[in-house]
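# Structural overview
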Amino acid sequence: MTGTDLDCFFLGSAPCAHLEHVYPKEYQEKNDVYGTKVFFYRAQLLGGTVEKLRQAEEYRWLTAEELGDVFSKDYYAACRDMLL
């Protein structure tokens, strides 16, 4: 996350959860990668101006309930219990 005068409060110094994703075989062979790990940290944005991420085509600020409409059913089921 980038921005001007961001004021964030992280709730701890370790990830609260992580997901492991294995890419399809074709993608693995083409890109010489097996998969990825996504680490989640609990944080609160207290203030400041968030700017568009450099490599993101799209980003949104969503509530936990709204994520269920955006994530795939399986991905949301894996994340749902760690959301506040």
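Just so you know, the residues in each chain are numbered from 1, in the order the chain's sequence is written. Residues qualify for local features only when their pLDDT is at least 70, as the model is predicted, and side-chain atom pairs are given and counted only at 80 or more; totals for whole chains, interfaces and linings, by contrast, use all residues. Heavy atoms from the whole structure form the basis of all side-chain values; hydrogens and water molecules are not counted.

## Quick word on the packing of aromatic side chains
For Phe, Tyr and Trp, rings pair up if their centres lie within 6.5 Å, where Trp contributes its six-membered ring, and each pair is then called stacked (planes under 30 degrees apart), edge-to-face (over 60) or tilted (otherwise). The tally for this structure, following the rule as stated, stands at two aromatic pairs. Ring geometry for Tyr 23 versus Tyr 27: centroids 4.6 Å apart, planes at 55°, classification tilted. Under the relative-accessibility criterion, Tyr 23 is labelled partly exposed at 22%. With a centroid separation of 4.7 Å and 90° between ring planes, the pair formed by Phe 71 and Tyr 75 is classed as edge-to-face. Think of it in three bands: with a 1.4 Å probe and only protein chains considered, a residue is buried below 20% of the maximum accessible area for its type, exposed above 50%, and partly exposed in between.

## Section: the side chain of Gln 28
Helix and strand assignments come from DSSP, with helices taken as H or I runs of at least 4 residues and strands as E runs of at least 2, each series counted from the N terminus. Mapping Gln 28 onto the fold places it in helix 1 (residues 25-31). Exposure remark for Gln 28: the relative accessible area of 13% places this residue in the buried category. Between N or O atoms, a polar contact is any pair within 3.5 Å; within protein, one atom must be a potential hydrogen donor and the other a potential acceptor, and residues adjacent in sequence are included only when both atoms are from side chains. Only 2.5 Å separates the side chain of Gln 28 from the backbone oxygen of Tyr 23, close enough to count as a polar contact. For this analysis, residues touch if any pair of their heavy atoms sits within 4.5 Å. Sequence-distant contacts of Gln 28, that is, excluding residues within four places in its chain, are made with Val 22, Tyr 23, Val 33 and Tyr 34.

## Re unusual backbone geometry
Even without glycine at this site, Asp 32 takes up a positive phi of about 55°. In this structure, Asp 32 sits in the loop between helix 1 and strand 3 (35-40). Classification of Asp 32 by relative accessible area gives exposed; the value is 71%.

## Structural notes on a nonpolar patch on the surface
Each patch is built from residues that are more than 30% exposed by relative accessible area and take part in no salt bridge. Like charges join if they lie within 9 Å; nonpolar side chains (Val, Leu, Ile, Met, Phe, Trp, Tyr) join within 5 Å. Only the protein chains shown count as cover for residues, and the accessible areas themselves come from Shrake-Rupley with a 1.4 Å probe. What makes a salt bridge here is a side-chain nitrogen of Lys or Arg within 4 Å of a carboxyl oxygen of Asp or Glu, nothing more. Where nonpolar side chains cluster on the molecular surface, the patch consists of Phe 9, Leu 11 and Leu 46 and spans about 290 Å² of accessible area. Its place among the elements puts Phe 9 in strand 1 (residues 2-10).

## Things to note about the state of the cysteines
In this description, the term disulfide denotes a pair of cysteine sulfurs within 2.5 Å. Enumeration over the complete set of coordinates arrives at zero disulfides. Cysteine Cys 16 shares no disulfide, and the gap to the nearest cysteine sulfur, in Cys 79, comes to 9.6 Å. Judged by relative accessible area, Cys 16 falls into the partly exposed class, the value being 35%.

## Regarding the environment of Thr 4
Considering the arrangement of structural elements, one finds Thr 4 in strand 1. Each C-alpha atom, one on Thr 4 and one on Gly 48, is 5.9 Å from the other, the two residues being 44 residues apart in sequence.

## Some details on the confidence of the model for the protein
The score called pLDDT rates the predictor's confidence residue by residue, from a low of 0 to a high of 100. Overall, the predicted model of the protein reaches an average pLDDT of 84, with 87% of residues at or above 70. The least confident element of the protein is strand 1, whose mean pLDDT is 80; the most confident is helix 1, at 96.

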